[in-house]
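# Chain and residue survey
One letter stands for each residue in the lines below.
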Amino acid sequence: MSPLRPENSNLLQGLLPYVVVTPENRPHFDLAPFGLAIAEAHVIDPLHTGSAPFLERLETLDGATFGPEGMPMPRWVFFDGAELPGGIVGLARPAENLSARARTLFKLPTDAAGLVPLSMFIAIPTFEPGEWMGHNLASLGPMLPDAGLKGLASYTKALGLAVFRARKQIGVTQWNSTALAVHTRLGPLELLSAWTPAHSEPWSLTYRVTITEAALRSLAREPEAELPRPEPERWVHSDDHATMKALQVEIEAGARYVITGRPRILDHEHLEVPVARV
Ligand SMILES: CC(C)(COP(=O)(O)OP(=O)(O)OC[C@H]1O[C@@H](n2cnc3c(N)ncnc32)[C@H](O)[C@@H]1OP(=O)(O)O)[C@@H](O)C(=O)NCCC(=O)NCCS
């Protein structure tokens, strides 16, 4: 497979891919996704005590991104729920090449060394071979606006799905999430639930998407990557819980809906999401 070519070439310069994986899961992963070889020193074994400083930095990354969303993970959830059953893939910079702002964010001492993660995608395999649950996607791109990291989360997720050799992905996100603009780059998202009381935020949706090479190239923002999509039939406002509940009733009765593509951003907290029945 030829290398990924994200439109923002900054992402290819100075950012180093890393993987957190147990020795047991490692043989199942592709450690050269799209030909991008991941250095042996950047394959991190969570069972090894020497990995602790890097894993602590992942926790800081999670706190900085999901903390404000009210969903930061305690370290044991990283270990039990992500590192043991699945894996973590992301992009990092050597500590000595970080901006002052990033150093402050990680509270790094002046002599700090080693890799500092700027993004991560966590996924866990399901029973269906090739199907992975996207558990976490985090990027410091928006918090480091001067670093020119536009597209960091999308590129990270594309690399991660390739490392996991995923052929399908399921995931959960909120109807008002910025991340929908990332996930919909994979193509139309089939709605498995539109209103989800099992989640602490019931205005979450559950989706499934088929992963192809074309989908990963689109996700990674290759300039000419375009995928076929149905026309939207309606636009669901991210506060419109009544419509989410009505869609859920239909889905439970057997109807199939997809999110067709990128949401419209109304303001910082509100979206309109394009939906079609298929
Ligand atoms: C969501 C997150 C991962 C995005 O990271 P990122 O590096 O900025 O992502 P990318 O640059 O690849 O893409 C961001 C997309 O969101 C869009 N976006 C920006 N602000 C937005 C907003 N307020 N609402 C909706 N979409 C928005 C961007 O326009 C871009 O899409 P586009 O290229 O089609 O225009 C990052 O903000 C984050 O870590 N957030 C906190 C954790 C979180 O919510 N994770 C997702 C869980 S499912």
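Every value quoted in this text rests on a predicted model; they were computed, and no experiment measured them. (Residues numbered from 1 in each chain as written. Predicted model: local features only at pLDDT ≥ 70, side-chain atom pairs only at ≥ 80, totals over all residues. Heavy atoms only, no water.)

Now for the nonpolar core. Ranked by size, the top nonpolar core spans 83 residues in total, and within it Tyr18, Leu58, Leu118, Met120 and Trp175 carry the most contacts. Looking at this core element by element, the count peaks at eight residues for helix 4 (residues 152-163). For this core, the two domains that each supply at least three residues are domain 1 (1-166) and domain 2 (167-278). Among residues more than four places away in sequence, those in contact with Leu58 are Tyr18, Val20, Phe78, Ile88, Pro117 and Met120. (Core = buried A, V, L, I, M, F, W, Y, C linked by side-chain atoms within 4.5 Å. Buried < 20%, exposed > 50% of the residue type's maximum accessible area, 1.4 Å probe, protein only. Helix = DSSP H or I, 4+ residues; strand = E, 2+ residues; numbered from the N terminus. Domains from an automatic or database assignment. Contact = heavy atoms within 4.5 Å.)

In this section: the domain arrangement of the protein chain. As far as domains go, the protein chain holds domain 1 (1-166) and domain 2 (167-278). For domain 1 and domain 2, the distance between their C-alpha centres works out to 24 Å. Taken together, the 30 residues of domain 1 in the interface contact 25 residues of domain 2. Across the domain 1/domain 2 interface, buried area totals approximately 2200 Å², and carbon plus sulfur atoms make up 55% of it. Counting the surface domain 1 buries against domain 2, the share from its top three residues, Arg5, Ser154 and Lys157, is 23%. Salt-bridge contacts for Glu222 lead to Arg5; the nearest nitrogen and oxygen are separated by 3.3 Å. Among the secondary structure elements, those contributing two or more residues to the side of domain 1 that touches domain 2 are strand 6 (131-139) and helix 4. For the side of domain 1 that touches domain 2, the element with the highest residue contribution is helix 4, accounting for seven residues. Residues of the side of domain 1 that touches domain 2, tallied by class, amount to 16 nonpolar, six polar and eight charged. (Buried area = accessible area lost by both parts, 1.4 Å probe. Salt bridge = Lys/Arg side-chain N within 4 Å of Asp/Glu carboxyl O. Nonpolar A, V, L, I, M, F, W, Y, C, P; charged D, E, K, R; others polar.)

This brings us to the pattern of salt bridges. The full count for this structure, using the stated rule, is twelve salt bridges. A salt bridge links Glu213 to Arg217; its shortest N-O distance comes to 2.9 Å. Pair noted here: Glu213 and Arg217 are both in helix 6 (residues 213-219), with a separation of four residues, about one helical turn. Taking the relative accessible area as the measure of exposure, Glu213 reaches 37% and is therefore partly exposed. Using a relative accessible area of 10% as the deciding quantity, one classes Arg217 as buried.

Our focus in this paragraph is the site of the ligand. As a matter of local geometry, the ligand sits amid 24 residues, with Ser139, Gly151, Ser154, Arg221 and Arg262 nearest to it. One nitrogen or oxygen atom from the side chain of Ser154 is found 2.5 Å from an oxygen atom belonging to the ligand. Protein contact buries 84% of the 980 Å² of open area that the ligand shows by itself. Taken together, the elements giving at least two residues each to the shell around the ligand come down to helix 1 (52-66), strand 6, helix 4, strand 7 (168-174) and helix 5 (180-183). Taken together, the residues that form the shell around the ligand break down as twelve nonpolar, eight polar and four charged. Built from parts of two domains, the shell around the ligand gets at least three residues from each of domain 1 (1-166) and domain 2 (167-278). (Near = heavy atom within 4 Å. Polar contact = N/O pair within 3.5 Å; in protein donor to acceptor, adjacent residues only side chain to side chain. Areas by Shrake-Rupley, 256 points an atom, 1.4 Å probe, with all protein chains shown as cover.)

Topologically, Arg57 is positioned in helix 1. Despite being buried, Arg57 has no salt bridge partner; Glu56 is the closest side chain of opposite charge, sitting 7.3 Å away. Apart from the residues lying within four places of it in its own chain, the contact partners of Arg57 are Phe106, Leu108, Ala112, Ala113, Gly114, Leu115, Val116 and Pro117. (Lys, Arg positive; Asp, Glu negative; His and termini not counted.)

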